[in-house]
Amino acid sequence: MSLLVVGTVAFDAIETPFGKTDKIVGGAASYIALASSYFTKEINLVSVVGDDFPQEFMNTLKSQGVNLDGLQIKQGEKSFFWSGRYHNDMNSRDTLDTQLNVLGDFDPIVPESYKNCEFLMLGNLMPAVQQKVLSQLSKRPKLIVLDTMNFWMDIAMPELLETLKGIDVLTINDSEARQLSGEYSLVKAAQKILAMGPKVLVIKKGEHGALLFNKEEVFFAPALPLEDVFDPTGAGDSFAGGFIGYLAKTKDISFENMKRAIIFGSAMASFTVEKFGTERLIGLSQEDVSNRVQEFVDLVQFDISLV
Ligand code: AMP
């Protein structure tokens, strides 16, 4: 089952109460591709970087099975740069700087060999670019998942609303769900957002887990209580990568299977936050992933009798 991943491949500078990084490799698509690589091996990337981007990280992606034919490298230009500072709770953050650089005039070109993908992950990126990718595919994928953030809601809401009409699953965090719907209650927000196009909505709540909604049902996955959280950057993208990677692996897009997929997504996010940047997502074993998922199962399993 081929998976097409679209999103930023970027440099980040991060400040947390535990430390500060200079420019390190990040970007939504980097996290998504790495996280999904533990589930499916046919991963195709569409993105753009400048000539300042390290070849070493591209080699890492390749060694994890990610095909880079759709990664444009712009000579004489700089890669996308984002900088953020986390608050003491590590759950909320301020964006300090966003430099679009190569992203400013990004014209995505989907290689011929990617065009009949069955799973499409539209990672965080300008909604018009997400839509341009969609319009180049030779057939509608079996499942389209889209992730976005407040930055695009602030500057490109009409394009975002248009893009939402054609997707299956939207993943956003709780404050973005409130911004998008204008509702404080996440239950009301979900119903409003589901009327905008997506059939399923995932609301990520950082260390408080994630909610999965369709029009009739709601399901909850906790986040694993971790001893050390160093850097939450990329947790949402790693969640999305684990989520769609598991669905692509199992080829089952039912709501029941999505309940399992959000546990796998949460497991991948729990790895990411344990180190700065993408480091923790590189070189995990299948056993590491299975053991982590088992910890989730143990965390929420209980015997209860209602009589
Ligand atoms: P997350 O922590 O999962 O929300 O994602 C963090 C990643 O998103 C970072 O590695 C950034 O490079 C990337 N990012 C930050 N702002 C944007 C933006 N406006 N558009 C696309 N990617 C972004």
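In the block above lies the structure referred to throughout.
Heads up: these notes are all about the structure in this document. (Residues numbered from 1 in each chain as written. Predicted model: local features only at pLDDT ≥ 70, side-chain atom pairs only at ≥ 80, totals over all residues. Heavy atoms only, no water.)

Describing the site of the ligand
Here is step 1 of the chain: Around the ligand, the structure places 19 residues, and the nearest of them are Asp12, Gly27, Arg93, Gly234 and Asp237.
Here is step 2 of the chain: Between the ligand and the protein, one listed contact pairs an oxygen atom with a backbone N or O atom of Gly27 at 2.7 Å.
Here is step 3 of the chain: Trp152 places a side-chain nitrogen or oxygen 3.1 Å from a nitrogen atom of the ligand.
Here is step 4 of the chain: The protein chains hide 94% of the 510 Å² of surface that the ligand would expose on its own.
Here is step 5 of the chain: Within the residue set of the shell around the ligand, elements represented by two or more residues are strand 2 (10-16), strand 7 (80-86), helix 4 (150-164) and helix 7 (235-250).
Here is step 6 of the chain: Take the shell around the ligand: its biggest share by element is 3 residues, from helix 7.
Here is step 7 of the chain: Split into classes, the residues belonging to the shell around the ligand amount to 9 nonpolar, 7 polar and 3 charged. (Near = heavy atom within 4 Å. Polar contact = N/O pair within 3.5 Å; in protein donor to acceptor, adjacent residues only side chain to side chain. Areas by Shrake-Rupley, 256 points an atom, 1.4 Å probe, with all protein chains shown as cover. Helix = DSSP H or I, 4+ residues; strand = E, 2+ residues; numbered from the N terminus. Nonpolar A, V, L, I, M, F, W, Y, C, P; charged D, E, K, R; others polar.)

Examining the packing of helix 3 (residues 127-136) against helix 4
Here is step 1 of the chain: Running from N to C, helix 3 and helix 4 point in directions that differ by 25 degrees, and their axes come no closer than 8 Å. When the axis of helix 3 is compared with that of helix 4, the two are roughly parallel. The segment helix 3 lies against helix 4, with Pro127, Ala128, Gln130 and Gln131 engaging Trp152, Ala156, Glu159, Leu160, Glu162 and Thr163.
Here is step 2 of the chain: In terms of residue class, the contact of helix 3 with helix 4 is built from 5 nonpolar, 3 polar and 2 charged. (Axes fitted to C-alpha atoms, helices over the stretch in contact; angles between N-to-C directions. Parallel < 35°, antiparallel > 145°, perpendicular 65-115°, else oblique. Contact = heavy atoms within 4.5 Å.)

Here we look at helix 6 (residues 186-194)
Here is step 1 of the chain: Within helix 6 the residues assigned to the buried category are Leu186, Ala189, Ala190, Ile193 and Leu194. Taken around the axis of helix 6, the buried residues stretch over an arc of 125 degrees, which confines them to a single face. Exposed and facing more than 90 degrees away from the buried side of helix 6 are Val187 and Lys188.
Here is step 2 of the chain: In the core, the buried residues of helix 6 are packed alongside strand 11 (169-173), helix 5 (174-181), strand 12 (200-204) and strand 13 (210-213).
Here is step 3 of the chain: N-capping of helix 6 is provided by Ser185, with a side-chain oxygen placed 3.2 Å from the backbone N of Val187. (Buried < 20%, exposed > 50% of the residue type's maximum accessible area, 1.4 Å probe, protein only. Arc of directions from axis to C-beta.)

Digging into the nonpolar core
Within soluble globular proteins, side chains that are nonpolar generally end up buried alongside one another.
Here is step 1 of the chain: Leu45, Phe243 and Met268 are the most contacted members of the largest nonpolar core, which has 60 residues in total.
Here is step 2 of the chain: Here this core gets 10 residues from one element, more than from any other, and that element is helix 8 (residues 255-272). (Core = buried A, V, L, I, M, F, W, Y, C linked by side-chain atoms within 4.5 Å.)

Any functional reading would require information beyond the geometric quantities listed.
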